[in-house]
Amino acid sequence: MSHPFFAHKQIGIVSTFSQLISTDFKDEKNALCWYRNLEGDFKELVDQLQLKENVTEVTANDLLVLQLSEQGNAARAIILNDLQLLTDFGAAPVLNLLKCYERDDAFDFIATDVYSYHVDRSPIATDTFLCTYHGTASDIIANEDALPKMLVPEIRAQLKALHDGPAAEFEDFLKDYYFDLHYQAQPNTTPTNLGVGHLWRLAVDHPTQQVPPCIHRAPIERDGEYRLLLIC
């Protein structure tokens, strides 16, 4: 197998789910990929599922009632198995049919929606799992290729003006409104696209994490195409 993933110092490659959940993040590796070439027609599922909101949760029952071809049935079986694997592991996976996420347009100088490079934070030891079965996939970048938006001088100045409170409370203000979770890619940075069908485990910011959290972003969706995304 030859793929850019395999030469990327940020990414570890595994070949089973048990390896995905048991392999430790270490050094610069903060993204693990269960690399897969999935069989099945995932577009058939997308075409039959009903979009009720821009982000619509799809249950196992929603999948089970679909009348599918052999290839569609193969795709459904893979998703149901992934959901079961993650549930048995103790995670709470969600399958979303996705037209688009809500945009953050509250401030013109900083975006804090999922289309912005960001890290996930948790008060407990956990990781982010995700797999795109259909549609565009997320991007990640190396931590060395990103700068916290709150440290960009012109953005920091406007955040201080927005805070308009005691200087001692500024850092808490940044955390309270999640400004500290968002990053700006350095010039000429090339993101790594996570691709379709692979199940990923990304490092999260929490007190016991031994590596920096993985910086990632949601992709801009293609016109007229829905994403089918597992995430937890």
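None of the values given here were measured: they were computed from a predicted structure.

Rules and cut-offs
- Residues numbered from 1 in each chain as written.
- Predicted model: local features only at pLDDT ≥ 70, side-chain atom pairs only at ≥ 80, totals over all residues.
- Heavy atoms only, no water.
- Phe/Tyr/Trp six-rings, centres within 6.5 Å; stacked < 30°, edge-to-face > 60°.
- Helix = DSSP H or I, 4+ residues; strand = E, 2+ residues; numbered from the N terminus.
- Buried < 20%, exposed > 50% of the residue type's maximum accessible area, 1.4 Å probe, protein only.
- Expected span 1.5 Å × (residues − 1).
- Arc of directions from axis to C-beta.
- Pairing = 2+ DSSP bridges.
- Right-handed = clockwise from strand over helix to strand, strands pointing away.
- Contact = heavy atoms within 4.5 Å.
- Salt bridge = Lys/Arg side-chain N within 4 Å of Asp/Glu carboxyl O.

Participant: Before we move on, can you summarise the packing of aromatic side chains with the specific residues and values?
Facilitator: Enumeration according to the criterion identifies eleven aromatic pairs in this entry. Seen in terms of ring centroids, Phe42 and Tyr133 are 5.5 Å apart; in terms of plane orientation they differ by 15 degrees. Their pairing is stacked. In this pair, Phe42 is assigned in helix α2 (residues 42-48) and Tyr133 in strand β5 (residues 127-134), connecting sequence segments 91 residues apart. Residue Phe42 shares its accessibility class with Tyr133, and that shared class is buried.

Participant: Help me get a handle on helix α4 (residues 70-89), residues and values and all.
Facilitator: The terminal C-alpha atoms of α4, which comprises 20 residues, lie 29 Å apart, in line with the 28 Å expected from a rise of 1.5 Å per residue. Taken residue by residue, α4 has Gly72, Ala75, Arg76, Ile78, Ile79, Asp82, Leu83 and Leu86 as its buried positions. Taken down its axis, α4 places every buried residue within 155 degrees of arc, on the same side. Facing away from the buried surface of α4 by more than 90 degrees, the exposed residues are Glu70 and Asp88. Phi turns positive, to about 110 degrees, at Gly90, one or two residues after α4.

Participant: Give a description of the pairing of strand β1 (residues 11-14) that names residues and reports values.
Facilitator: Pairing geometry for β1 and strand β2 (residues 31-34), over four bridges, is parallel. Paired with Ile11 across the strands is Ala31, a residue of β2. Assessed by its sense of winding, the connection that carries the chain from β1 through helix α1 (residues 17-22) to β2 is right-handed.

Participant: Which residues make up the environment of Leu130, and what are the values?
Facilitator: Relative to the elements of secondary structure, Leu130 occurs in strand β5. Residue Leu130 is classed as buried on the basis of its relative accessible area, which comes to 4%. Separated by 76 residues in sequence, Leu130 and Asn54 place their C-alpha atoms 18 Å apart. Beyond its immediate stretch of four places on either side in the chain, Leu130 contacts Leu194, His198, Leu199, Trp200, Leu202, Leu229, Leu230 and Ile231.

Participant: Provide a residue-level description of unusual backbone geometry, including the pertinent values.
Facilitator: At Asp27, a position not held by glycine, the phi torsion is positive, near 55 degrees. The exposure class of Asp27 is exposed, given its relative accessible area of 67%. Backbone geometry places Asn188, a non-glycine residue, at a positive phi of 65 degrees. Locating Asn188 in the fold gives a position in the loop between β8 (183-185) and β9 (192-193).

Participant: Summarise the pattern of salt bridges; cite the residues concerned and give the values.
Facilitator: Taken as a whole, this structure holds ten salt bridges when the rule is applied. The shortest N-O distance in the salt bridge between Asp180 and Arg121 comes to 2.4 Å. Placement of the pair is Asp180 in the loop between α6 (170-176) and β8 and Arg121 in the loop between β4 (94-98) and β5, with a sequence separation of 59 residues. Note that Glu225 is salt-bridged to Arg222, the shortest N-O span being 2.6 Å. Accessibility expressed as a relative area gives 47% for Arg222, which makes it partly exposed. Residues joined in a network through salt bridges with shared partners are Lys9, Glu28 and Glu144.

Participant: Can you tell me about the sheet that holds strand β6 (residues 139-141), naming the residues and giving the values?
Facilitator: As a general point, the strands of a sheet are linked pairwise by backbone hydrogen bonds and lie either parallel or antiparallel. If you walk across this open sheet you meet the three strands as β9-β6-β11, and the pairing is antiparallel. Both outer strands of the open sheet, β9 and β11 (215-217), are each paired with one neighbouring strand and no more. Judged from the three bridges that link them, β6 and β11 form a sheet pairing that is antiparallel. Bridging from a neighbouring strand, Asp139 pairs with Arg217 of β11.

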